[in-house]
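Summary of structural features
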Amino acid sequence: MNAYQKLSAEFYDIDKPTAQPEALEFYLDYARRSVGPILEPMCGTGRFLLPMLAAGLDIEGVDLSDEMLSLCRARGRALGLSPVLHTQSLTALSLARRFGLVFIPSSSFCLLTDESVVEASLEKLRDAMLPGATFVVEVERLVPRPSETSGTWGGRWVERPDGAKILISWLPQYSSVEGIGRSIHRYELVKDGRLLESEYEEFALKFYEPAAFQALLERAGFADVRVFKPYEATSPDDSDEGLIFEARRR
Ligand SMILES: C[S@@+](CC[C@H](N)C(=O)[O-])C[C@H]1O[C@@H](n2cnc3c(N)ncnc32)[C@H](O)[C@@H]1O
C-alpha cells in the first residue's frame, strides 16, 4: 500500500485530531461491554484507541503504516499512555491474544478493494477473536452513480505548528462496475512559498450493498449479523451513506 506515508499521515493527524464524539461514544459502549480484550485494526493515529486506553480499557491496535503508528505513539506519550501497537497488514494478522471485541470505525475497511484481500482479512480477523466475540465494522454504502473516467482536481490545506502548510490535491475517478472510487492524492509541504516535499498516494474505497457485505461476513464465519444507522441502535434508511455492521464470531 502506498498510502498513509509521511505527509499523508501528518495531514490526517492535523486534519482529524479526534474522533466525532458520537462515534467515540458508540464504540466506547461496545468496548465497556466487551468480554475480553479489545482490538482496533486499522487504528491509525489512535483517535479511538487512545481515549479507550485512557478510560482504562484493555486495547491493542494494528495498522500497516508505521507513520500513522508513530503519530499514535506520540499522541499517547503526550497523554502519559503507552499503547500496544503492531505494524501488520490484516491479511497477515498474527497476535498473541484473542479478543472479545474487534472494531473498525471510519469506513477504514473500505480501503481494502480487492475481493480476495477482503475475504482473507475477514478470516484473519475472525481467527483473532474469542468464540462468541463481537465484530463491529463501518462501511460505505453503494449508491447508484455514473462511472467517471475524468474527474476534476480538488484540494485544501492544513497548517503545521511551524507555519508550514500541507496541501492535499486529489483527482477522482469512479467505476460503477466495481463499486470502487479511486483518487490520486498529491501532498505538498510548502513553507515561505517554497515546495519542501511532495508525495503521491493512490487511494481507493470500495462501496457495498448491505446484503453483499452481510454475505461476506457470513462466508467468513460470522453469525447474528445486524446493521445500524451510524452511531444509533436503529436500522439504516436509504439516505445513510455509512452502515455499521455488528456480527458475532461463531
Ligand atoms: C482512514 S485511516 C483511519 C484510522 C482510524 N480508523 C481512524 O478513524 O482514525 C485508515 C488506516 O487504515 C490503515 N490500513 C490500510 N490498509 C490496511 C491494511 N491492509 N492492514 C492494516 N491497516 C491498514 C492505514 O494505514 C490507515 O492508518
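Above: the structure in question.
For clarity, every value in this text was computed on a predicted model and none was experimentally measured.

Below, the discussion takes up the packing of helix α5 (residues 115-127) against helix α6 (residues 210-219). Running from amino to carboxyl end, α5 crosses α6 at an angle of 50°, the nearest separation of the two axes being 9 Å. In terms of orientation, α5 lies oblique with respect to α6. Crossing angle aside, the handedness with which α5 passes α6 is right-handed. Side by side, α5 and α6 meet where E115, V118, E119 and L122 of the first sit next to L216, L217 and R219 of the second. Tallied by class, residues from the contact of α5 with α6 come to four nonpolar, no polar and three charged.

Moving on, we get to the environment of R250. The residue R250 is located in the segment after β11 (242-249) in this model. Separated by 27 residues in the primary sequence, R250 and A223 have C-alpha atoms spaced 6.0 Å apart. With residues up to four places along the chain from it excluded, the contact list for R250 reads P131, G132, E218, G221, F222 and A223.

Pairing is mixed in the open sheet, where seven strands are placed in the order β3-β2-β1-β4-β5-β11-β10. This sheet does not close on itself; its edge strands, each paired only once, are β3 (84-87) and β10 (222-228). Pairwise comparison of adjacent strand axes, ignoring direction, gives a mean angle of 20° for this sheet. Summarising the sheet, strand β4 (residues 99-104) and strand β5 (residues 129-140) pair through five bridges and their orientation is parallel. Bridge pairing in β5 links V102 to F135. Sheet contacts for α6: β5, β10 and β11; angle to β11, the most-contacted strand, approximately 20°.

Cut-offs applied
Residues numbered from 1 in each chain as written. Predicted model: local features only at pLDDT ≥ 70, side-chain atom pairs only at ≥ 80, totals over all residues. Heavy atoms only, no water. Axes fitted to C-alpha atoms, helices over the stretch in contact; angles between N-to-C directions. Helix = DSSP H or I, 4+ residues; strand = E, 2+ residues; numbered from the N terminus. Parallel < 35°, antiparallel > 145°, perpendicular 65-115°, else oblique. Left-handed = near helix turned anticlockwise from the far one by under 90°. Contact = heavy atoms within 4.5 Å. Nonpolar A, V, L, I, M, F, W, Y, C, P; charged D, E, K, R; others polar. Pairing = 2+ DSSP bridges.

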